[in-house]
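Overview (structure and organization)
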Amino acid sequence: MGILLKVAGWIDTLNTWVGRTVTWLILIVALISAGNAVMRKLFSLSSNAWLELQWYLFGAIFLLAAGYTFLRNEHVRVDVLSQKLPERAQVGIEIFGVVFFLMPAACLVMWLSIPYFWESYITHELSSNTEGLIRWPAKLLIPVGFALLILAGVSHLIKCVGFLRGRCANPMLVSSGKSDEEALVEDILAQQANQSAESARGR
């Protein structure tokens, strides 16, 4: 079990590095989008290549960060019933869901997407749009992204079994702390409360 937990740690390190690196693409997409809009509005200049680059980068953000999102336990869950159960029962349901739903679906998509990418690569497929980009880098994101998600699923399974055997913490509580968005909302509310208090004192 100890060796498997080390493997899970290596997988988590990989997905964490990929996820944190990919977050910078959000800024790049925003800059490209803004720059493209400015050039189109002010100078009547535009290019399908820049538009497609935005789509490619959005796909990279969505696909490459899937494993990191799963690691952080941030995927949407419909657990109205399971959250009322004991921790061990919740982890048992998690194992069932990962083994019989997540892993088969992710493996199937990854397997089917490999020839989809390979055909585009060997034929040097180009976009049908004028000045469009080559297609294979975007298609490569599909098997790579799902491979990272599969690795995250393997890591999660190891940690779930480790928890049931008393060897590690509950992996479903990874993101039990406040998210960045929640922390920001609380900070804004605290500032508004302070301003209201100062206004009341000023009266």
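In this convention, every chain numbers its residues from 1, walking through the sequence in written order. At least 70 in pLDDT is required for a residue's local features to be given in this predicted model, at least 80 for side-chain atom pairs to be given and counted, and no such filter applies to totals for whole chains, interfaces and linings, which use all residues. Side-chain figures throughout are based on the complete set of non-hydrogen atoms in the structure, without hydrogens or water.

1. Re the overall build of the protein chain
Looking only at helices and strands, the protein chain features six helices and zero strands. A run of H or I in DSSP counts as a helix once it spans at least four residues, and a run of E counts as a strand once it spans at least two, with each numbered from the N terminus. Ordering the α and β elements of the protein chain from the N terminus gives α-α-α-α-α-α. Along the longest, intermediate and shortest principal axes, the C-alpha atoms of the protein chain span 70 × 60 × 30 Å. Buried residues are those whose accessible area, probed at 1.4 Å on protein chains only, stays under 20% of the maximum for their type, while exposed residues exceed 50% and partly exposed ones sit between those limits. Here the protein chain, with 203 residues, has 32% of them falling under the buried criterion.

2. Looking at a nonpolar patch on the surface
Together, Val38, Met39, Leu42, Phe43 and Leu45 give the surface a local cluster of nonpolar side chains, amounting to about 490 Å² of exposed area. You can see Met39 is positioned in helix 1 (residues 2-43). Candidates for patches are residues over 30% relative accessible area with no salt bridge; among them, like charges are joined within 9 Å and nonpolar side chains (Val, Leu, Ile, Met, Phe, Trp, Tyr) within 5 Å. Surface accessibility follows the Shrake-Rupley procedure with a 1.4 Å probe radius. Residue values consider only the protein chains on display as shielding. Salt bridges are defined as contacts in which a side-chain nitrogen from Lys or Arg sits within 4 Å of a carboxyl oxygen from Asp or Glu.

3. Brief notes about the pattern of salt bridges
Close approach of charged atoms allows side chains of opposite charge to pair. On inspection of all chains with the given rule, the structure shows three salt bridges. The partner of Arg135 in a salt bridge is Glu125, with the nearest N and O atoms 3.9 Å apart. Here Arg135 is found in the loop between helix 4 (87-122) and helix 5 (136-164), whereas its partner Glu125 is found in the loop between helix 4 and helix 5, with ten residues between them in sequence. You can call Arg135 partly exposed: its relative accessible area is 26%. Linked through salt bridges whose partners overlap, the residues forming this network are Glu125, Arg135 and Lys139.

4. Looking at the nonpolar core
As used in this record, nonpolar core signifies buried Ala, Val, Leu, Ile, Met, Phe, Trp, Tyr and Cys residues forming a set joined through side-chain atoms within 4.5 Å. In terms of nonpolar packing, the biggest core is built from 28 residues, with Val22, Leu25, Leu64, Val91 and Leu149 touching the most fellow members. Of all the secondary-structure elements, those providing two or more residues to this core are helix 1, helix 2 (48-64), helix 3 (66-71), helix 4 and helix 5. Of all the elements, helix 5 adds the most residues to this core, at nine residues. Throughout, a contact is declared for two residues whenever any of their heavy atoms are within 4.5 Å. Residues within four places of Val22 in sequence aside, it is in contact with Ala60, Ile61, Leu64 and Ala65.

5. What to know about the packing of aromatic side chains
In summary, the pairing rule links any two rings of Phe, Tyr or Trp, Trp by its six-membered ring, whose centres are within 6.5 Å, and it sorts them by plane angle into stacked for under 30 degrees, edge-to-face for over 60 and tilted for everything else. What the rule picks out here adds up to seven aromatic pairs. Ring geometry for Phe117 and Trp118: centres 6.4 Å apart, planes at 65°, overall edge-to-face. Taking relative accessible area as the criterion, Phe117 reaches 13% and is therefore assigned buried. The criterion for a charge sitting over a ring is simple: Lys NZ or Arg CZ within 6 Å of the ring centre, and within 35 degrees of the ring normal. Note that Lys139 overlies the ring of Tyr116, its terminal NZ or CZ placed 4.2 Å from the centroid.

6. Focus on the packing of helix 2 against helix 5
As a rule, the C-alpha atoms of each element are fitted with a line to give its axis, helices using only the stretch in contact, and angles between N-to-C directions run from 0 to 180 degrees. Contact pair helix 2 / helix 5: the axes reach a minimum separation of 8 Å and the direction vectors enclose 15°. The pairing of helix 2 with helix 5 is recorded here as roughly parallel in orientation. Taken as a pair, helix 2 and helix 5 cross one another with a handedness that is right-handed. Residues Tyr56, Gly59, Ala60, Leu63 and Leu64 of helix 2 lie in contact with helix 5, whose contacting residues are Ala138, Leu141, Ile142, Val144, Gly145, Phe146 and Leu148. When residues are sorted by character, Ala, Val, Leu, Ile, Met, Phe, Trp, Tyr, Cys and Pro go into the nonpolar class, Asp, Glu, Lys and Arg into the charged class, and all the rest, Gly among them, into the polar class. Residues that form the contact of helix 2 with helix 5 fall into these classes: ten nonpolar, two polar and no charged. Between 65 and 115 degrees an angle is taken as roughly perpendicular, under 35 as roughly parallel, over 145 as roughly antiparallel, and anywhere else as oblique. Note: crossing handedness is left-handed where the near helix turns anticlockwise from the far helix by less than a right angle, and right-handed where it turns clockwise.

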